[in-house]
Amino acid sequence: MIYNNSVAEDEQNHNRYHKRFLKASSFSGWKTERVVEEYHDGRIILVNQNDPKSHIKKMDEVREVVDIDLGITDRGGASATGANLQAFLYISNANKVIASAFVEHIEKGYPCISSHEQDDSGKLPLMKVGDNPMKAVCGVSRLWVFKQCRRKKIAARLMDCVRANFVFGCTISKVKIAFSDPTESGRSLCATYCGPPTSSSTDDHNTCENTGNL
């Protein structure tokens, strides 16, 4: 969250965000938590709409701070109460939520094609959305890693876990995954994880299209 500590309103908003983040990131564990993968530095749990209300409440708390951190203002498109939304939460050994992926079932995506022009940062090519839809299965509306935990392959672990657990009995190929309006860091991750563009986009998702099948 970017703010100016010399502006009283910004300072107040930052303090509110900090308190909300501490509450959302704290995780004491559940007796019925669904652990889908374990690592040396933590575990990934899955939360869906069939879980107890306390689990869904935690999912919504995390999503709220993720939205603020990513600068997402329109939250109506992926409500935690939506029937399809699932959350993969990365829990550290210190019992903190340090990363998350919010995903939902989708049916199509639109290819994103590099325009060979640089974006405002001068680092990444601008992307244009193609006209012809492609089949997609999993839409990633939010993919987030706590700033101090980035560049440790945590996002890649999350995505591997999503692919392995989103559809029962099979692993989704990278070509069937869609990403929703990624940030600059998100676009870099997509290029690293899925390979360079071409990528594709659903009505509000962008997805890689260069490898594999469902």
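Above this text sits the structure in question.
Definitions and limits used
- Starting afresh in each chain, residues are numbered from 1 along the sequence in its written order.
- Reporting in this predicted model follows two pLDDT cut-offs: at least 70 for local features of residues, and 80 or more for side-chain atom pairs to be given and counted; totals over whole chains, interfaces and linings ignore these cut-offs and use all residues.
- Water and hydrogen atoms were dropped before computing side-chain values, which therefore reflect all heavy atoms in the structure.
- Secondary structure elements are defined from DSSP: runs of H or I of at least 4 residues count as helices, runs of E of at least 2 residues count as strands, and each element is numbered from the N terminus.
- What makes two residues a contact is simply this: any of their non-hydrogen atoms within 4.5 Å.
- Every accessible area reported is derived by Shrake-Rupley at a probe size of 1.4 Å, with residue values counting cover from the shown protein chains alone.
- Each residue is placed in one exposure class: buried if its accessible area under a 1.4 Å probe, protein chains only, is under 20% of its type's maximum, exposed if it is over 50%, and partly exposed if it falls in between.
- Classification of ring pairs rests on two measures: the distance between centres of Phe, Tyr or Trp rings, Trp counted by its six-membered ring, which must be within 6.5 Å, and the angle between planes, read as stacked under 30 degrees, edge-to-face over 60 and tilted in between.
- When a carboxyl oxygen of Asp or Glu lies within 4 Å of a side-chain nitrogen of Lys or Arg, that pair is called a salt bridge.
- At least two bridges found by DSSP between two strands are what make those strands a pair.

Scanning the chain for helices and strands turns up four helices and 11 strands. When contacts within the chain are restricted to residue pairs at least 6 apart in sequence, long-range pairs at least 24 apart make up 64% of them. When the accessible area of the chain is evaluated, it comes to approximately 11800 Å², of which 48% is carbon and sulfur surface.

Secondary-structure assignment places S100 in strand β4 (residues 97–105). Given the relative accessible area of 0%, S100 is considered buried. Separated by 43 residues in sequence, S100 and L143 place their C-alpha atoms 5.9 Å apart. Not counting chain neighbours up to four residues away, the residues in contact with S100 comprise V62, V66, F88, L89, R142, L143, W144 and L158.

Counted according to the given criterion, the structure contains two aromatic pairs. Consider the rings of F27 and W30, whose centres lie 4.7 Å apart with planes at 75°: the pair is edge-to-face. The buried category is assigned to F27, whose relative accessible area is 3%. Ring geometry for Y39 against Y90: centres 5.8 Å apart, planes inclined by 10°, an arrangement best described as stacked. Here the residue Y39 occupies a position in strand β1 (residues 34–39), and Y90 occupies one in strand β3 (residues 86–92), the gap between them amounting to 51 residues. Look at Y90 and you get buried, because its relative accessible area is 0%.

A word on the pattern of salt bridges. Oppositely charged side chains can form a pair if their charged atoms are brought close together. Within this structure, the stated rule accounts for nine salt bridges. Residue R142 is joined to D67 by a salt bridge in which the shortest nitrogen-to-oxygen separation is 2.4 Å. In this pair, R142 sits in strand β8 (residues 138–145) while D67 sits in helix α2 (residues 53–70), placing the two residues 75 residues apart along the sequence. Of the two residues, R142 and D67, both sit in the buried class. A salt bridge links R150 to D69; the shortest N-O distance between them is 3.7 Å. Here the residue R150 occupies a position in the loop between β8 and α3 (154–165), and D69 occupies one in helix α2, the gap between them amounting to 81 residues. Looking at D69, the relative accessible area reads 25%, which means it is partly exposed. Each of D60, R63, D67 and R142 takes part in one network of salt bridges that share partners.

Moving on: the environment of G109. Take G109: it is sitting in strand β5 (residues 108–118). A sequence separation of 68 residues divides G109 from I177, and the C-alpha atoms of the two residues are 8.8 Å apart.

This part covers the pairing of strand β2 (residues 42–47). Of all six residues in β2, six are buried; the element is thus mostly enclosed. Every second residue of β2 is oriented toward a common face, with G42, I44 and L46 on one face and R43, I45 and V47 on the other, all of them buried. Across five bridges, β1 lies against β2 in antiparallel orientation. Its bridge partner being in β2, V35 is matched across the sheet by I45. The antiparallel pairing of β1 with β2 creates a hairpin that spans two residues between the two strands. Both β2 and β3 contribute to a ladder of six bridges, which runs antiparallel. Its bridge partner lying in β3, I44 is registered against Y90.

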